Amino acid sequence: MKKLLFFLFLLAAVVAKAQYFQTGQDPSSIKWRQINTENFQLIFPDYYESQAQLLAQKLEKVYDYASYSLKYEPQKISVILHTQTVNSNGLVAYAPKRSEFYTTPHQAIYALDWLEQLAVHEFRHVVQIDKINSELPKIIKLLLGEQGTALVFGTYLPWWFIEGDAVVTETALSSYGRGRLPSFLMEHRALAVEKGVDSYDKAYLGSFKDYVPNHYKLGYYLVGNARERYGADLWEKVMERVGRKPFSLTPFNTALKTETGMNKVELYQSVFDSLAHVWKSEDAAYVEPGSLTISKPSNTHKNYEYNHWLNDHEMVSYKTSFDDIPAFVKINQEGEEEVIHRPGVIFYESVSYEGEWIVWSEQIPDLRWSHSGRSRIQLLNVKTKHKTSVDTEFKAFAPVLSSTHDQILVVEADFSSNYYLTVYDVASGKMVSRYQTPENNYFLSPQWLNKKEAIAVLLTRHGKRLAKFNLESQKFDILFDRDMGDIKQLHISKDKLYFISAYSGKDALYTFDFNTSKIQEVYEPRFGVAYPAVNAAGGIILSDYTANGYRLIQPVELRSAELTHVQKETYPLAGSLAGQEKGVPDLHTSDNASYTSKKYSKAANLFNFHSWAPVFVDPYTYEFESGVSLMSQNKLGTAETVLGYKWDSAESYGRLYAHYIYKGWYPVIDFEISRASRSSQYSQVTEYVQNGQVVSRDTSVRSFDWRDINLSTTIQFPVNLTRGIFHRLLQPEIGYDFTHYKADASVPDGFPGGSFQSLTYRMYYHQIRKRSYQDILPDFGIIVDGSYVHSPFGDHNLGSLLSGEGIMYLPGVKANHGLRLYGGAQKRLNGDHYSYSDDIRFPRGWKRTSTKEMLVGAVDYKLPLLNPDWSIGGLAYVKRISASLFFDYAHMIRNYYSNGQVTGTFSQNISSLGVEILNDVNFLRFYAPVQIGGRVSYLPEVKSANVALLLSVDFSSL
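Residues numbered from 1 in each chain as written. Predicted model: local features only at pLDDT ≥ 70, side-chain atom pairs only at ≥ 80, totals over all residues. Heavy atoms only, no water.

## Some points on the pattern of salt bridges
Inference 1: Across all of its chains, the model carries 54 salt bridges by this definition.
Inference 2: Between Arg178 and Glu170 there is a salt bridge, and its shortest N-O distance comes to 2.8 Å.
Inference 3: Look at Arg178 and you get partly exposed, because its relative accessible area is 21%.
Inference 4: Of the charged contacts, one joins Asp406 and Lys451 as a salt bridge, the two residues approaching to 3.6 Å between their closest N and O atoms. With Asp406 in the loop between β15 (395-401) and β16 (407-413) and Lys451 in the loop between β19 (442-448) and β20 (453-460), this residue pair connects regions lying 45 residues apart in the sequence.
Inference 5: When salt bridges with common partners are traced through the structure, they connect Arg820, Arg841, Arg844, Asp860, Asp888, Glu916 and Arg935 into a single cluster. (Salt bridge = Lys/Arg side-chain N within 4 Å of Asp/Glu carboxyl O. Buried < 20%, exposed > 50% of the residue type's maximum accessible area, 1.4 Å probe, protein only. Helix = DSSP H or I, 4+ residues; strand = E, 2+ residues; numbered from the N terminus.)

The following block contains the structure:
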């Protein structure tokens, strides 16, 4: 019983704080269709019919293979295809149950068709979560619906297992996968060799001090090595126990201990101690080629990528770091740096150079739709700082400027997943030519060879291949028809093509000779290299990976080994995992038969009730109360509904409640209604008079019944103006509120019957600079929020409230410190015994009081104190301790009252100052971090102090 109560408490806490997983909306103009197969419902735009037919076949082929090692065949699931987004992603979620594919591939994909990658990886997640659902006690599903499955899945299964198992599957069920990608595998190797093995908590939960590889990489090593040691059915047994024993506190650990004799911490230590031993032995045998380190050593994690020689002694690189936002920097051979430009969001592998020009493809979000957007080609001259741009017809990546600076070559993808090599004229922005292969192959890392020809990596059904393309004749030739694993980052210098290949098991530097067609390995790194650049004199710079990130080096000697003398990596773990599966699905051939396709009606699918709870839950106000609730979110993410009944134990009455939000049109429409039948009592005094004198009084308690109906609606017009390094949002909105009180004839005099109505007008805007990973506050930003609410009609005058507030962020005296300035003002006009509540902040430490006018100012200085990475057993992991010094001030004008009437006004000034100490903590190794701490405030006007607890949970990481 105690375990059940704990589970229900956890449910209430999590659901009340976390909204249902919402990824955004597609443009309202899209007309949707659907294909229903035996195991999948594909929902897609009408123009994507042919690709959806092929994907449906691939998913059905994947079904038996990706479910094999977990010994479970999942129930039918919906797959929504987002075709207009510029992002490349995929996900599976419960509450509601569905999968979402973002169909645009990126330039860093491994050597497998993008939709096939999604089909294998995301379907494995479907198997995982549906298996948990199948094992759950019926009581949980009866009480909670789909959110019960999501709760158990997200609470008890560590993310390293969830994603690691999917990476293992994508690796075992193909000839590629991230388990055969050296850039994916090298980070843990470098950390173990150079710094040692981290604690489990740090490896899983991260750090603000040191770089920690993500849970995909951690999970591949843990899930894969455990399967190799204990058998393919290990994780099937673990998941079975998690599903069957959800009321136990540590079902994952218990099952793992039963099957392996180790809990997850011990398994981590065992696996990585063994790996570290092997890696250090191999590292001891490595002979490093001679090289000069260009970039200066750093205590924080930094990466230098996308390199270019500006001249014989200066270079340009794209620098990212923990303590600053990304920037293009100019570096001399002594390592001195100068920031050239800070761009917006750059697509993977989409930066190039030509002479003094930097060229990149930048993400431009849609004004309204999250699942839309476009790319913009940006050009910047390093010396003159002249900047120009080219807008392409389709989503464009990997831009390359011609040597004459008049044309740009890009890789394009349209909404129907057609892939092109396209040339644009820089001056006019018009398309010059466009090329598509007969099999619609994807292109990666293109380079101009001359005015008519280009070199690129071509993604074929046999892997990545180097190819030459004639842009005039629309033909191509494979330069070297041999599998070299991952091939990327091409660079042409004179008669040689330099590129990075994973052939040897490390990302090493290779050359292709255009005269002899021979390939040679010329630099074998310790862990991995990337982004080669060669100057006119033959000098090479590389990004060389270390435990502190990619540093810049200049090799002083090259080995020039023929490919036949280089041993090809076989990836033993990947091979062992593949041997545990039933084979590799053939996803390249398609059946001639097609599935029936029909219209998917948006209007008929506005509601999708997926979850309920024996408590009243409102995910928008973060509250839960006694009662019941029923939740709906449709599959397109355009409509959300909460229905419920909540019980007020203090007044012993219940309220029916409905909340509906529609996001399928440009305005977001939010509608809420509730109704309650209520009972109250009042004391009535009866006087008995005789001969004009009161001879006795009798007090009796009278009851009366009344009802209230509350209705509110808000219409918002969000406009996403994000550009460059600033997140920008403009959002006007208008709201209407209506409350009606109706009572029977027994109500006392003065009961506020009738209707109360309000109109609210609001304008919100923010412009906030991107933050680095270690920043407490952004270095610059402004937020402006103004509103006016009044009651122009209704039975009662509620008065009005005019308010405005603003926040400004400024940099502190040291990196990652921040200053926040706050100002707010409001003016309230009282109505007929009614008034609106405050909109602006009140000085911290003071209790709110009624004001007529108020002016508030506040200053906060925030700074990190310590990044300790403390593990306190399995109870808590402390990543950061930060402090905030603050001062608040308010000038108020308040009313004097006499016998309930306003007789005058007086002014009052109050202030507070103090300190807040906050700790970023993960409790019980739960992935969502908690910020917990306290505030001490001193109130000078009353010479007193108080202490407050501060607590918040960040569920965005889940």
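## Quick word on the pairing of strand β46 (residues 876-898)
Inference 1: Relative to β46, strand β44 (residues 853-866) runs antiparallel, the two being bridged by 13 bridges. Along β46, the bridge assignment pairs Leu855 with His891.
Inference 2: Pairing of strand β45 (residues 870-872) with β46, which is carried by three bridges, proceeds in the antiparallel orientation. Among the inter-strand pairings, Ser871 is bridged to a residue of β46, identified as Tyr877.
Inference 3: Hairpin connection of β45 to β46: three residues between the antiparallel strands, including Gly873 at a positive phi of 55°.
Inference 4: Strand direction decides the pairing type here: β46 and strand β47 (residues 901-923), joined by 22 bridges, are antiparallel. By the bridge assignment, Asp888 is partnered in β47 with Ser912. (Pairing = 2+ DSSP bridges.)

## Considering the environment of Phe347
Inference 1: Within the secondary structure layout, Phe347 lies in strand β11 (residues 346-354).
Inference 2: Separated by 331 residues in the primary sequence, Phe347 and Arg678 place their C-alpha atoms 58 Å from one another.

## Describing the sheet that holds strand β27 (residues 529-534)
Within a sheet, neighbouring strands are paired by backbone hydrogen bonds and run either parallel or antiparallel to one another.
Inference 1: Sheet architecture is open: four strands sit in the order β6-β29-β28-β27, paired in antiparallel fashion. Looking along the sheet, the strands with just one partner apiece sit at the ends: β6 (291-293) and β27. Neighbour-to-neighbour, the strand axes of this sheet turn through a mean angle of 30°, independent of strand direction.
Inference 2: In this structure, strand β28 (residues 540-546) lies alongside strand β29 (residues 549-555), joined through five bridges in antiparallel fashion. (Axes fitted to C-alpha atoms, helices over the stretch in contact; angles between N-to-C directions.)

## Focus on the side chain of Asp838
Inference 1: Positionally, Asp838 belongs in the loop between β43 (818-830) and β44.
Inference 2: For Asp838, the side chain forms a polar contact with the side chain of Gln826, separated by 2.6 Å.
Inference 3: Within the structure, the side chain of Asp838 is placed 2.9 Å from the side chain of Arg848, a separation counted as a polar contact.
Inference 4: With sequence-adjacent residues up to four places away left out, Asp838 is seen in contact with Gln826, Arg828, Arg848, Thr849, Thr851 and Met854. (Polar contact = N/O pair within 3.5 Å; in protein donor to acceptor, adjacent residues only side chain to side chain. Contact = heavy atoms within 4.5 Å.)

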